[in-house]
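One-letter residues, chain by chain:
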Amino acid sequence: MMRFLLLFSRQGRLRLQKWFTPMMDREKKKIIRDMTTMVLSRQPRTCNFMQWKDLKIIYKRYASLYFCLAIESQENELLALEVIHRYVELLDKYFGNVCELDIIFNFEKAYFILDEFLMGGEIQETSKQIVNRSIDASDMLQETLEEYMSKPAF
Amino acid sequence: MPAVSKGDGMRGLAVFISDIRNCKSKEAEIKRINKELANIRSKFKGDKALDGYSKKKYVCKLLFIFLLGHDIDFGHMEAVNLLSSNKYTEKQIGYLFISVLVNSNSELIRLINNAIKNDLSSRNPTFMCLALHCIANVGSREMAEAFASEIPRILVAGDTMDSVKQSAALCLLRLYKTSPDLVLMGEWTSRVVHLLNDQHMGVVTAAISLITCLSQKNPDEFKTCVSLAVSRLSRIVSSASTDLQDYTYYFVPAPWLSCKLLRLLQCYPPPEDGAVKGRLVECLETILNKAQEPPKSKKVQHSNAKNAILFEAISLIIHYDSEPNLLVRACNQLGQFLQHRETNLRYLALESMCTLASSEFSHEAVKTHIETVINALKTERDVSVRQRAADLLYAMCDRSNAKQIVAEMLSYLETADYSIREEMVLKVAILAEKYAVDYSWYVDTILNLIRIAGDYVSEEVWYRVIQIVINRDDVQGYAAKTVFEALQAPACHENMVKVGGYILGEFGNLIAGDPRSSPLVQFNLLHSKFHLCSVPTRALLLSAYIKFINLFPETKTTIQEVLRCDSQIRNSDVELQQRAVEYLKLSSIASTDVLATVLEEMPPFPERESSILAKLKKKKGPGAVSVTELEDNKREGGELNGGADRGPDSASTPSPSGDLLGIRAAAPIGAAPASAGSLLVDVFSEAGIAVSSAAVNDEGFLSSAPPSEDPAPPLSVADDLLNKFVCKNNGVLFENQLLQIGIKSEYRQNLGRMYLFYGNKTSVQFASFTTTVSCPGELVYSIMFLKFLNCCVQLNVQTKPVEPLVEGGAQIQQVLNIECLTDFIDAPLLNIKFRYGGGLQNLTLKLPVTINKFFQPTEMASQDFFQRWKQLSQPQQEAQKIFKANHSMDTEVLKAKVRLPSPICKPRHILHSPCIPVGCIVCVCVCPQMYRLTLRCSKDLVSQRLCDLLAEQF
């Protein structure tokens, strides 16, 4: 199974964290620190995999954002890379040419999309169409733009 | 601020995020956040009831602040309120907040569970999915207790929507992983297996993760999944790239599902059914063939997905380890990848080959790639790839190529990255020892190791070289000569001084004939390093000096002078001063005979597992070194130790692996260094430290309050466990994702000793690890208090507290001394508590201490037998069971199991217990496939209990 997924910028600012097993806050902070320093210090054109304790760390950079996924040792590294890619595709489809800012301002959406795709550290649905359809469907349940504009801005 | 593209956004939230982003400094950001927190707090506390939208917005802001890395200590109640909103977005945000912020032991769980219960029964698929996600995200025990029986029902119900099925499968998997005892197998299990045939690929993908996990734990119950998985796999593998529509990923049909299927098959041995096996081999061949076809797309996603399946197929081939043809093909395929331009593939090929190297069919094929791998070690730009190359060299090493590989690894060490040096050193040391044909090579290698990477040579490594030199007299002269030469270097590593001091102290006489290395030259050489060394090394050198006085009486005056000088005899370090004083005295008053006895050459070390190997295992975590490797090492170790006698106890006592010299436990604290032939005094002093720190720990224990949480009820599987151990003394008592408990026990008459091994299977430390042994129905005694425990006055269980911290991958041991005072029925309970991640883990097991352990068999003549049998003729004294055989009716096996000395069909057997004033007579009758077990015993409870216990064993 997957243990956690972290998204952080080239400056090491965390943009999204998803933990698939319960963990203490202190431990999380330590892992985040370790991961950002480890991944950011990697040279260009090195491989996308690293060993960290008994976990495999798979990371990939998309524009200014690093995606860093930890999987258990018996899992498949290449497929984990494609898990990251599929998530990027899903974000891209939803936001339309996704960029870091989309994820900052709509972090809750990024979480919802991830939840449609993965659950409990395993793949729930790999079909892009089905995931998109269910995200669109939940958006339909939400308010219209007029309603949005009439909301107070504080 | 970007426009919100779709759906609902929260303007207030967007404004707040913009504000944060516009902050020029960290201080400004914190100020803005504090302002916001105050605002939210006042809103939540205000008299005016907030509408759903505002609540959602504020909860979302809190979430954002938390994700920035700030602590949030309020708002949980508002989030829980959102769960019961009937607006989807509000509910969704509520669940998100809880998933991210609520840890498993929150007091809110009951309220959350209520909301989840409502959503699960709402029949609204989106609500149900939200609730299932929340269970999977929090995954606490309370949630498992509340929903573990409900979710299987949702999963297999005919009218459940596909998306809900997917969520239910993965949610159940999560609960099974956290609380396997609560997820009970049942009627649903067989229906779950058939989800492999489901029309909807998404359902299969989700369900297979669950099935794989269940199969690993209950292989027999899920056996049918093998043929289903093979046929599903074969359909995918043979499908065209467009057949599976959206489940085709960059022209590769269903890569995730294919890999999961291949992974599931790795839980089982090769299929026995010829047709199924043929079909599977065909699939594997197709996958290997496809790897040779030209790619359908230039995109890296295409090749990744395709190769992911290929690597998984190779793992399965390696797992089966029975198809030489496929193994060699796999090896060739990986050989191609070794030179691929993609770094990722090179990395994975090296990793995969490591496992191939251990198969007898492919070991030779792997070895043909040695040059490529050595080249990778030298030229790869990426340290993780070089690391893999080093691992592979280690794995492919055998007698034929050991010299080459060790030489390459040594030369790589000179430039190796700091992060992997220590591991490399250990590996070189192990290989050099394992494949040493002539020991001069071994000594050279280790000394080179110290020269090249002295800082990374751990104690275990130099201890080991000394052990081996002492145990093998054919290498002692060479070792003394080489170490003498190595010490000539103007700057040599302190570890070299240690080895040099020790070896010259023992065997300096072997090279003293050469005037270039006369005793005085040797001494001066050693002493020239003295002032540059740390205290432990100096202590060791002082011991070497006193050994010199014995070996070479002509050096006596020189050495006495050195010992007498102020810097020694008045040294501020107590240890050094004591040694100097005592050695000086010893050398001046003891006769030559006494000196010769006291300072005699060290006796050979008893054979034990190489502590270097233990260290490597510890570094890499359990499972890193294969069992065969260990056994190998044992064998070779025996050879190395020059056939030293194996002590009778060495087999039964668990070897204290960290303790190389095997004297730490027995060492008197701060013993006078001159006691025995003690050149190893530095080890003694360490023992002092170890013992005193243990004492400190004890005190910590005593002062800490006992944990307030009640022990968990015993696992429902506990009785099965108990039955497993009725006739077995060793084995794995318990295992889950976190913890493995191994057990080793021995019984003699009314006494028993039980070793419990607690292994931490995770990478994370367990904190506040405590164990308590108690008896059901009695007060819980804490074994933290080092006192005799009186279990129902029937059993005495005595033990010591365990270390409160168990590092990731580490194992700790606990010894229980058990005394049986009278007959008993209930097994003692072992309660284990520790903190892992956020949550307190609480676990209660029955210890497999059963009354039959305290019985011993006696054989008697048939008249005696019948006489006794008749004496015990009251109906309550007899217990009888008639039952079908569970196992094959092999009398030999049975004899061993029930410890019956005579053939079973002859109904005469007496078990006799020296401590319990009861005899018990067993009579077993065998008819085809049936047994009749009759026990008669002067105590009715005993006969009943024994009958129950033994009946399970047939």
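Look up a bit, the structure's there.
The paragraphs below set out a description of the structure included in this document. Computed from a predicted structure; not experimentally measured.

The rules behind these values
Residues numbered from 1 in each chain as written. Chains lettered and ligands numbered in written order. Predicted model: local features only at pLDDT ≥ 70, side-chain atom pairs only at ≥ 80, totals over all residues. Heavy atoms only, no water. Helix = DSSP H or I, 4+ residues; strand = E, 2+ residues; numbered from the N terminus. Buried < 20%, exposed > 50% of the residue type's maximum accessible area, 1.4 Å probe, protein only. Contact = heavy atoms within 4.5 Å. Areas by Shrake-Rupley, 256 points an atom, 1.4 Å probe, with all protein chains shown as cover. Polar contact = N/O pair within 3.5 Å; in protein donor to acceptor, adjacent residues only side chain to side chain. Buried area = accessible area lost by both parts, 1.4 Å probe. Salt bridge = Lys/Arg side-chain N within 4 Å of Asp/Glu carboxyl O. Nonpolar A, V, L, I, M, F, W, Y, C, P; charged D, E, K, R; others polar. Pairing = 2+ DSSP bridges. Axes fitted to C-alpha atoms, helices over the stretch in contact; angles between N-to-C directions. Disulfide = S-S within 2.5 Å. 1 Å grid on protein atoms, 1.4 Å probe; cavity = no way out; pocket = protein on both sides within 12 Å on 5 of 7 lines; lining within 4 Å. Points joined across faces, edges and corners; volume = space filled by probe spheres on them. Expected span 1.5 Å × (residues − 1). Phe/Tyr/Trp six-rings, centres within 6.5 Å; stacked < 30°, edge-to-face > 60°. Parallel < 35°, antiparallel > 145°, perpendicular 65-115°, else oblique. Left-handed = near helix turned anticlockwise from the far one by under 90°.

Structural notes on the overall build of chain A
- The helix and strand tally for chain A stands at six helices and seven strands.
- Going residue by residue from the N terminus, the α and β elements of chain A occur as β-β-α-β-β-β-α-α-α-β-β-α-α.
- Out of the 154 residues in chain A, the part that is buried amounts to 64%.
- Put simply, of all contacts in chain A between residues at least 6 apart along the chain, 48% involve residues at least 24 apart.
- Taken as a whole, chain A presents about 6,100 Å² of accessible surface, with 54% of it coming from carbon and sulfur.

What to know about the overall build of chain B
- Helix and strand counts for chain B stand at 40 helices and 16 strands.
- Total accessible area on chain B stands at roughly 41,100 Å², and carbon and sulfur atoms take up 52% of it.

Thoughts on the side chain of Asp119 of chain B
Residue and element names in this part refer to chain B.
- Secondary-structure assignment places Asp119 in helix α6 (residues 109-120).
- The class of Asp119 is buried, set by a relative accessible area of 4%.
- A distance of 2.7 Å separates polar atoms of two side chains, one belonging to Asp119 and the other to Tyr95.
- When residues no more than four places from it in sequence are discounted, the contact partners of Asp119 are Leu83, Lys91, Tyr95, Phe127, Met128 and Ala131.

Brief notes about the interface of chain A and chain B
- On the chain B side, the residues contacting the 75 residues of chain A number 90 residues.
- Interface area for chain A against chain B, summed over the two sides, is near 7,400 Å², with a carbon-plus-sulfur share of 54%.
- At the boundary of chain A with chain B, the tally comes to five salt bridges.
- Linking chain A with chain B are 27 residue pairs in polar contact (both at pLDDT 80 or more), by the criterion used here.
- In terms of residue count, the dominant contributor to the side of chain A that touches chain B is helix α2 (residues 77-95) of chain A (11 residues).
- Of the residues assigned to the side of chain A that touches chain B, the class counts are 31 nonpolar, 16 polar and 28 charged.

Observations concerning the sheet that holds strand β1 (residues 2-9) of chain A
Residue and element names in this part refer to chain A.
- In spatial order, the strands read β2-β1-β5-β4-β3; together these five strands make up an open sheet with antiparallel pairing. Each edge of the sheet is formed by a strand with only one pairing partner; in this case those strands are β2 (14-19) and β3 (49-52). Mean inter-strand twist for the sheet, computed between neighbouring axes without regard to direction, equals 20°.
- Where β1 meets strand β5 (residues 65-72), seven bridges bridge the pair, whose relative direction is antiparallel. Across the sheet, Met2 pairs through a bridge with Ile71, a residue of β5.
- With respect to the sheet, helix α4 (residues 107-117) is in contact with β1 and β2, its orientation differing from that of β2 by roughly 35°.

Quick notes on the pattern of salt bridges
Residue and element names in this part refer to chain B.
- If you walk through the whole model with that rule in mind, you get 44 salt bridges over all chains.
- Here Glu36 and Lys61 are joined by a salt bridge, their closest N and O atoms 2.9 Å apart. In this pair, Glu36 is assigned in helix α2 (residues 26-45) and Lys61 in helix α3 (residues 52-67), connecting sequence segments 25 residues apart. You'll find Glu36 and Lys61 in the same group, each marked buried.
- The shortest N-O distance in the salt bridge between Glu575 and Arg579 comes to 2.8 Å.

Notes on the state of the cysteines
All names here are of chain B.
- If you walk through the whole model with that rule in mind, you get zero disulfides over all chains.
- Free cysteine Cys533: the closest other cysteine sulfur is in Cys492, separated by 8.0 Å.
- A residue is classified by how much of its surface remains accessible, and Cys533, at 9% relative accessible area, is buried.

Remarks on the pairing of strand β3 (residues 730-735) of chain B
- Here β3 of chain B pairs with strand β4 (residues 739-748) of chain B via five bridges, running antiparallel. Looking at β4 of chain B, one finds that Glu735 of chain B is bridged to Gln740 of chain B.

So, the layout of surface pockets
- Estimated volume of the second largest pocket: approximately 560 Å³.
- If you go around the second largest pocket, you meet 29 residues; those closest to its centre are Glu116 and Ser134 of chain A together with Thr126, Cys129 and Ser163 of chain B.
- Contributing elements (two or more residues each) for the lining of the second largest pocket: α4 and α5 (128-140) of chain A together with α5 (88-101), α7 (125-138) and α10 (162-178) of chain B.
- Across the lining of the second largest pocket, the residue classes break down as 12 nonpolar, 12 polar and five charged.

What about α2 of chain B?
- For α2 of chain B, spanning 20 residues, the distance from its first C-alpha to its last is 28 Å, which sits close to the expected 28 Å at 1.5 Å a residue.
- Of the surrounding elements, those touching the buried residues of α2 of chain B are α1 (11-22), α3 and α4 (76-83) of chain B.

Topic: the packing of aromatic side chains
All names here are of chain B.
- Throughout the structure, instances matching the rule amount to 24 aromatic pairs over all chains.
- Centroid distance Phe44 to Tyr58: 6.1 Å. Interplanar angle 85°. Geometry classified as edge-to-face. Of this pair, Phe44 sits in helix α2 while Tyr58 sits in helix α3, and the two are 14 residues apart along the sequence.
- Tyr58 gets classed as buried once you look at its relative accessible area, which sits at 3%.
- Here Phe548 and Phe552 contribute two aromatic rings whose centre-to-centre distance is 5.3 Å and whose plane-to-plane angle is 85°, an arrangement assigned as edge-to-face. Each member of the pair, Phe548 as well as Phe552, is classed as buried.

What about the environment of Lys529 of chain B?
Residues and elements named next belong to chain B.
- With respect to the secondary-structure elements, Lys529 resides in helix α28 (residues 519-530).
- Exposure remark for Lys529: the relative accessible area of 8% places this residue in the buried category.
- Along the primary structure Lys529 and His493 are separated by 36 residues, whereas in three dimensions their C-alpha atoms are 9.8 Å apart.
- The residues touching Lys529, leaving out its near neighbours within four places in the chain, are Leu487, Ala489, Pro490, Cys492 and Val497.

Considerations on the packing of α1 of chain B against α2 of chain B
All names here are of chain B.
- Between α1 and α2, whose axes approach to 8 Å, the crossing angle comes to 155°. In terms of their interaxial angle, α1 and α2 are classed as roughly antiparallel. The crossing of α1 and α2 is right-handed. Where α1 approaches α2, its residues Phe16, Asp19 and Ile20 are matched on the opposing element by Glu29, Arg32, Ile33 and Glu36.
- A per-class count over the contact of α1 with α2 returns three nonpolar, no polar and four charged.

So, the packing of helix α18 (residues 343-356) of chain B against helix α21 (residues 383-396) of chain B
Residue and element names in this part refer to chain B.
- The geometry of α18 relative to α21 is characterised by a closest axis approach of 8 Å and an angle of 25° between their N-to-C directions. Relative to α21, the element α18 is oriented roughly parallel. Relative to α21, the crossing made by α18 is left-handed. Where α18 abuts α21, its residues Thr343, Tyr347, Leu350, Glu351, Met353 and Cys354 lie against Ser384, Val385, Arg388, Ala389, Asp391, Leu392 and Ala395.
- Residue composition of the contact of α18 with α21, by class: eight nonpolar, two polar and three charged.

As for the sheet that holds strand β11 (residues 839-846) of chain B
All names here are of chain B.
- Pairing is antiparallel across the open sheet formed by three strands, whose spatial order is β6-β10-β11. The sheet is open, and its two borders are formed by β6 (767-774) and β11, each paired with just one other strand. Averaged over all pairs of adjacent strands, the angle between their axes in this sheet comes to 15°, without regard to strand direction.
- Examined bridge by bridge, strand β10 (residues 829-836) and β11 share eight bridges and lie antiparallel to one another.

As for unusual backbone geometry
- At Arg45 of chain A, a residue that is not glycine, the phi angle is positive and equals roughly 60°.
- Positive phi outside glycine occurs at Tyr250 of chain B, with the angle close to 45°.
- Looking at the element boundaries, Tyr250 of chain B is found in the loop between β1 (248-249) and β2 (252-253).

What to know about the environment of Asn124 of chain B
Residues and elements named next belong to chain B.
- Tracing the chain through its elements places Asn124 in the loop between α6 and α7.
- A C-alpha to C-alpha distance of 9.6 Å links Asn124 and Val164, two positions 40 residues apart in sequence.
- At 2.7 Å, the side chain of Asn124 and the side chain of Thr126 are in polar contact.

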